[in-house]
Structures are given as C-alpha cells and as structure tokens.
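# Tertiary structure, described
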Amino acid sequence: MIQLKNIERYFSNGNVKNYVLRYITADIKKGDFVSIMGPSGAGKSTLLNIIGMLEEPTAGEYYFMETPVHTLSEKQRIALYRTHIGFVFQAYHLLDDLTIYENLETPLMYQNVKASERKARVAEILDRFNMVAKKDLFPAQLSGGQQQLVGIARALIARPQLILADEPTGNLQSKQADEIMHLFQKLNQEEKVTIIQVTHSEKNATYGNRILQLMDGEFMDE
Ligand code: ADP
Ligand code: ADP
C-alpha cells in the first residue's frame, strides 16, 4: 500500500540543512498495523505527516496505492488523502462550535457527498459508536475518551483504507486508552483498515503487528 524510497526531510537554517529524516525506506502492506516509535524529536510526526501527504519530503519517492505521490500537484494530493486517509490526532481536533453530528458530517461535505447520503452515513456511525444520544452535544460536553471516539468516528466516516494516528491516546487515562486501542485492533482485523500510529507507549504498540523504530531521523533495523 505504501512504499517509501530514500525519503529525506530537512529544514534549512541559512546554508545549513538540518535533517529531520534521512534514508527512510519502508514498505507498508494493506492490513498492517504499524507503530512508529522513538524518542522525542526523532522525526515521528514529520514522517506521519509525509505519509498523510500533509508535508512534502525534500527528496525521495513515495508511492501510495501505486500512485507516485512525489509527482502530484497539491490539489491532486489533497484529493487523494481525502478519499483514502483518515486522520486521528492526540488533541482530537474537533471543531468546538459544531455539534458531534456536524463534526462527523464535515469530511463528507469535503467529498461533496449529497445531503441524504450524509444523513444516512452519520446516523450509521453514531449508532455504531453508541453516540446517538450525544449527537447534539458540543465536544466540550464530552470526556476526553468520548471526544477521541468522535475523532475516530470522523476519521472513519469517509471509509478510508488507511488511518493515521499521532499519539491517539496521549491525552487519555489508561482505561480509555485501552478502549481506543481495542477499537483500532478491531478495525484492523475485521475491516482490514491499515493503521499507522505514532506512540510512546509500549503497550499501545503491542496491539499492532509491526514496530518501526526511529532514531535521529533514521530507522533502526526491524
Ligand atoms: P517527533 O514527532 O519524533 O517528536 P518531529 O517530527 O515533531 O519529531 O520533529 C523532529 C525534528 O524536526 C525536531 O527536532 C523538530 O524541532 C524539527 N522540526 C519539525 N518541524 C519543524 C519545522 N517546521 N521547522 C524546523 N524544524 C522542525
Ligand atoms: P509532537 O507532540 O509531535 O512532538 P511538537 O511539539 O514537537 O509535537 O511539534 C508541534 C508542531 O510544531 C509540529 O507541527 C512541528 O512540525 C512544529 N515544530 C516542531 N519543532 C519546530 C521547530 N523547531 N520550528 C518550527 N516548527 C516546529
């Protein structure tokens, strides 16, 4: 599903190139559940952002479902990730002044899904996440764990093939964190959704099937 070939990312500081990622080569298969681990500053978020097409590498090749992402225009990249990738963030990134219902509907608006279909899809996901009774509440009225469930429901509503999650349980207590990881595991095993998470938690990583360890911008051997 994902092939990274010699990906590099640096930030220029005058004439000096500060490398954040170097020699990044990896092959991630459909159905993998990958945990990217490593110390703070190792380049984990940058790598996830590149895979999510939110950031561009300064060199290297990136193929997503056979499409050479490195050759696409920004517009083409946006269309590609909106169709195939769902994002889950540490701090949920819900829109505070929209209800849960409206938050879930947003990705479908971006995809120009028509109103009747949006209504059906939001109803279906609310039901599946046992959140029908909460649909008219605002994010601040929910616990952190519930907000993250909404974040995951929102990531899933466009039926993506890939979920990218940056420290998805970083703001949660361990019981809520385990619930989120169980949900990821179920999505991965039962619906074959490919998942890539950045995590500091050894326990979270045990839910996946692969660990990619980053150190100073380079992979350590698997
Ligand atoms: P991690 O997620 O592993 O903590 P990051 O990918 O967030 O690491 O950052 C890796 C390194 O890249 C850090 O040293 C960070 O300061 C640097 N970095 C990230 N974004 C930028 C940027 N926009 N400009 C300059 N340096 C950056
Ligand atoms: P994380 O929780 O992923 O480690 P950080 O606090 O390292 O997050 O970074 C948050 C954001 O700030 C990221 O989008 C990153 O690209 C940006 N950033 C990090 N370091 C720098 C830097 N030295 N200069 C500019 N932007 C940076």
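In this text the structure is predicted, and so the values were computed from the model without any measurement.

### Side note on the UniProt feature "domain: ABC transporter" (unreviewed entry) in the protein
Cross-referencing UniProt, the feature "domain: ABC transporter" (unreviewed entry) maps to residues 2–222 in the present numbering. As annotated, residues 2–222 has a helix share of 36% and a strand share of 27%, and its two end C-alpha atoms lie 17 Å apart.

### Thoughts on the sheet that holds strand 5 (residues 67–68)
Strand pairing within a sheet occurs via backbone hydrogen bonds; the two strands may be parallel or antiparallel. The 4 strands lie next to each other as 2-1-4-5, forming an open sheet whose pairing is antiparallel. Looking at strand neighbours, the two that pair on one side only are strand 2 (16–28) and strand 5, the edges of this open sheet. Alignment of strand 1 (residues 2–13) against strand 2, held across 9 bridges, turns out to be antiparallel. In the strand pairing of strand 2, Arg-9 is matched with Leu-21. Here helix 1 (residues 44–51) sits on the sheet in contact with strand 1, strand 2 and strand 4 (59–64), set at roughly 125° to strand 1.

### Some thoughts on the site of ligand 1
All residues adjacent to ligand 1 are Phe-11, Val-20, Pro-39, Ser-40, Gly-41, Ala-42, Gly-43, Lys-44, Ser-45 and Thr-46. Ser-45 places a polar main-chain atom, nitrogen or oxygen, 2.8 Å from an oxygen atom of ligand 1. One of the side-chain nitrogen or oxygen atoms of Thr-46 is found 2.5 Å away from an oxygen atom of ligand 1. Of the residues forming the shell around ligand 1, the biggest block, 3 residues, is contributed by helix 1. Of the residues that constitute the shell around ligand 1, the class distribution is 4 nonpolar, 5 polar and 1 charged.

### As for the packing of helix 3 (residues 100–110) against helix 5 (residues 144–156)
At a minimum axis distance of 8 Å, the contact between helix 3 and helix 5 shows a crossing angle of 30°. As far as their axial angle goes, helix 5 and helix 3 are roughly parallel. Helix-helix and strand crossings are classified by hand; for helix 3 and helix 5 the assignment is right-handed. Across the interface between the two elements, Ile-100, Asn-103, Leu-104 and Pro-107 of helix 3 pack against Val-150, Ala-153 and Arg-154 of helix 5. The residue makeup of the contact of helix 3 with helix 5, split by class, is 5 nonpolar, 1 polar and 1 charged.

### Details of the sheet that holds strand 7 (residues 162–166)
Taken together, the 6 strands give an open sheet; going across it, the order is 6-7-8-3-9-10, and neighbouring strands pair in mixed fashion. Both edges of this open sheet fall to strand 6 (85–88) and strand 10 (218–219), since each of them pairs with a single strand only. Sheet topology note: the strand 7/strand 8 (residues 194–198) ladder contains 5 bridges and is parallel. Across the sheet, Ile-163 pairs through a bridge with Ile-195, a residue of strand 8. Lying over the sheet, helix 5 contacts strand 6 and strand 7, oriented at roughly 170° with respect to strand 6.

### Here we look at the pairing of strand 6
Because side chains alternate across strand 6, one face comprises the buried residues Ile-85 and Phe-87, and the other comprises Gly-86 and Val-88, equally buried. As paired strands, strand 6 and strand 7 are joined by 4 bridges and run parallel to one another. Directly across from Ile-85, in strand 7, lies its bridge partner Leu-162.

### Structural notes on unusual backbone geometry
Positioned with a positive phi, Asn-130 is a non-glycine residue whose angle comes to about 50°. Mapped onto the elements of the fold, Asn-130 is located in the loop between helix 4 (115–128) and helix 5. For Glu-167, which is not a glycine, the phi torsion comes out positive at approximately 50°. Along the polypeptide, Glu-167 turns up in the loop between strand 7 and helix 6 (174–191).

What counts, and at which threshold
- Residues numbered from 1 in each chain as written.
- Chains lettered and ligands numbered in written order.
- Predicted model: local features only at pLDDT ≥ 70, side-chain atom pairs only at ≥ 80, totals over all residues.
- Heavy atoms only, no water.
- UniProt positions renumbered as here; feature names shortened; annotations may be inferred.
- Helix = DSSP H or I, 4+ residues; strand = E, 2+ residues; numbered from the N terminus.
- Pairing = 2+ DSSP bridges.
- Contact = heavy atoms within 4.5 Å.
- Axes fitted to C-alpha atoms, helices over the stretch in contact; angles between N-to-C directions.
- Near = heavy atom within 4 Å.
- Polar contact = N/O pair within 3.5 Å; in protein donor to acceptor, adjacent residues only side chain to side chain.
- Nonpolar A, V, L, I, M, F, W, Y, C, P; charged D, E, K, R; others polar.
- Parallel < 35°, antiparallel > 145°, perpendicular 65-115°, else oblique.
- Left-handed = near helix turned anticlockwise from the far one by under 90°.
- Buried < 20%, exposed > 50% of the residue type's maximum accessible area, 1.4 Å probe, protein only.

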